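# Per-entry structural report
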Amino acid sequence: MSAGHNYQDIITLFNQTFLPSENTLLVKGNDEPIYLPANVARPHHQVVFAHGYYASALHEIAHWCIAGKARRLLEDYGYWYCPDGRNAEQQTEFEQVEVKPQALEWAFSVAANKAFRVSTDNLNGAPVDTLGFTRKVHQQVLEYLDAGFPPRAQTMIQVLRAFYRQPELQASQFNYEDDTFYAV
């Protein structure tokens, strides 16, 4: 892995790319991540990531890349979030919603030459099949590689690849051992 994954870089890359075309800023937050649509007091949409964590920025960008135009007009895309401590049914719902964003986050991580770890985000809840979830995320990455990434995600991948000087994404770059994915 290369060193130097600075959250200021990802902010600059995202904002230079998407502020002009999508009126959207990536913003370092001090607390939980959130998406805030533009309004009278806030002239730009904001993808707010947690505490300056690079991985949080990639994850929140992934959610933004999947959200359709109508969802991007709603705070947090109009979704609910059930925090850590979910029961088995809630965890299954969480994982179904998280497969695509985590697959995009993994692709962004590979494009940035950064390790990625799948997140089931339920340390205090029902037992989690992390390897099963990992396999679903892996399968989704392979589907994106075959059929194409959503347009904004493809743009972000290209921007990250150029900045970090990484090759085109290929299936062989996406390997996993247990629940940790590595950019190869």
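I will try to describe carefully the structure that is included in this document. (Residues numbered from 1 in each chain as written. Predicted model: local features only at pLDDT ≥ 70, side-chain atom pairs only at ≥ 80, totals over all residues. Heavy atoms only, no water.)

This brings us to the packing of aromatic side chains. If you walk through the whole model with that rule in mind, you get nine aromatic pairs. Between the aromatic rings of Trp106 and Phe174, the centroid separation amounts to 5.0 Å while the plane-to-plane angle is 80°, which identifies the pairing as edge-to-face. Residue Trp106 is found in helix H3 (residues 88-111), and its partner Phe174 is found in strand S5 (residues 174-177); the two are separated by 68 residues along the sequence. Phe174 shares its class with Trp106; the two are buried. Cluster of aromatic residues (ring-pair linked, three or more members): Phe14, Phe18 and Trp64. Of note, Arg71 hangs over the ring of Tyr79, and the distance from its end group to the ring centre comes to 4.1 Å. Sitting above the plane of the Trp64 ring, Arg152 keeps its charged end 4.5 Å from the centroid. (Phe/Tyr/Trp six-rings, centres within 6.5 Å; stacked < 30°, edge-to-face > 60°. Helix = DSSP H or I, 4+ residues; strand = E, 2+ residues; numbered from the N terminus. Buried < 20%, exposed > 50% of the residue type's maximum accessible area, 1.4 Å probe, protein only. Lys NZ or Arg CZ within 6 Å of the ring centre and 35° of its normal.)

Turning to the side chain of Arg161, a few remarks are in order. Along the chain, the position of Arg161 falls in helix H5 (residues 151-164). Here Pro167 takes part through its backbone oxygen, which lies 2.8 Å from a polar atom of the side chain of Arg161. With sequence-adjacent residues up to four places away left out, Arg161 is seen in contact with Ala111, Gln166, Pro167, Glu168 and Leu169. (Polar contact = N/O pair within 3.5 Å; in protein donor to acceptor, adjacent residues only side chain to side chain. Contact = heavy atoms within 4.5 Å.)

Packing of helix H1 (residues 7-22) against H5 brings their axes to within 11 Å, and their N-to-C directions diverge by 140°. What the angle tells us is that H1 and H5 run oblique. For the element pair H1 and H5, the recorded crossing hand is right-handed. For the pair formed by H1 and H5, the contact residues are Asp9, Ile10, Leu13, Phe14, Thr17, Phe18 and Glu22 on the first element and Arg152, Thr155, Met156, Val159, Leu160, Phe163 and Tyr164 on the second. (Axes fitted to C-alpha atoms, helices over the stretch in contact; angles between N-to-C directions. Parallel < 35°, antiparallel > 145°, perpendicular 65-115°, else oblique. Left-handed = near helix turned anticlockwise from the far one by under 90°.)

Moving on to the sheet that holds strand S2 (residues 34-36). Overall, mixed pairing links the three strands, which are arranged S1-S3-S2 in an open sheet. Two strands in the sheet have a free side with no partner beyond their single neighbour: strand S1 (24-28) and S2. Neighbour-to-neighbour, the strand axes of this sheet turn through a mean angle of 20°, independent of strand direction. The sheet contact formed by S2 and strand S3 (residues 45-49) spans three bridges and is antiparallel. Across the sheet, residue Tyr35 finds its bridge partner in S3, namely Val47. Along the sheet, H1 contacts S1 and S3; its crossing angle with S1, the most-contacted strand, is approximately 160°. Sheet strands in contact with helix H2 (residues 54-66) are S1, S2 and S3, and its direction is about 140° off that of S3. (Pairing = 2+ DSSP bridges.)

Moving on: unusual backbone geometry. Notably, Asn23 is not glycine yet its phi reads approximately 55°, a positive angle. With respect to the helices, strands and loops of the structure, Asn23 is situated in the loop between H1 and S1. Owing to a relative accessible area of 27%, Asn23 belongs among the partly exposed residues under this scheme. Residues other than glycine seldom take positive phi values, yet Arg165 does so here, at roughly 55°. Following the sequence through the fold, Arg165 ends up in the loop between H5 and S5.

On to H2, then. Because an α-helix completes one turn every 3.6 residues, residues spaced three or four positions apart along the sequence face the same direction. Over its 13 residues, H2 runs 19 Å from end to end, which matches the ideal 18 Å to within 8%, given 1.5 Å per residue. Three or more residues of H2 are buried, namely Tyr54, Ser56, Ala57, Leu58, His59, Glu60, Ile61, Ala62, His63, Trp64 and Cys65. (Expected span 1.5 Å × (residues − 1).)

Let us now look at the environment of Val99. Mapped onto the fold, Val99 is located in helix H3. Residue Val99 is classed as buried on the basis of its relative accessible area, which comes to 12%. Considered as a pair, Val99 and Val137 are 38 residues apart in the sequence and their alpha carbons are 5.1 Å apart. Ignoring anything within four residues of it in the chain, the contact list for Val99 reads Phe133, Lys136, Val137 and Gln140.

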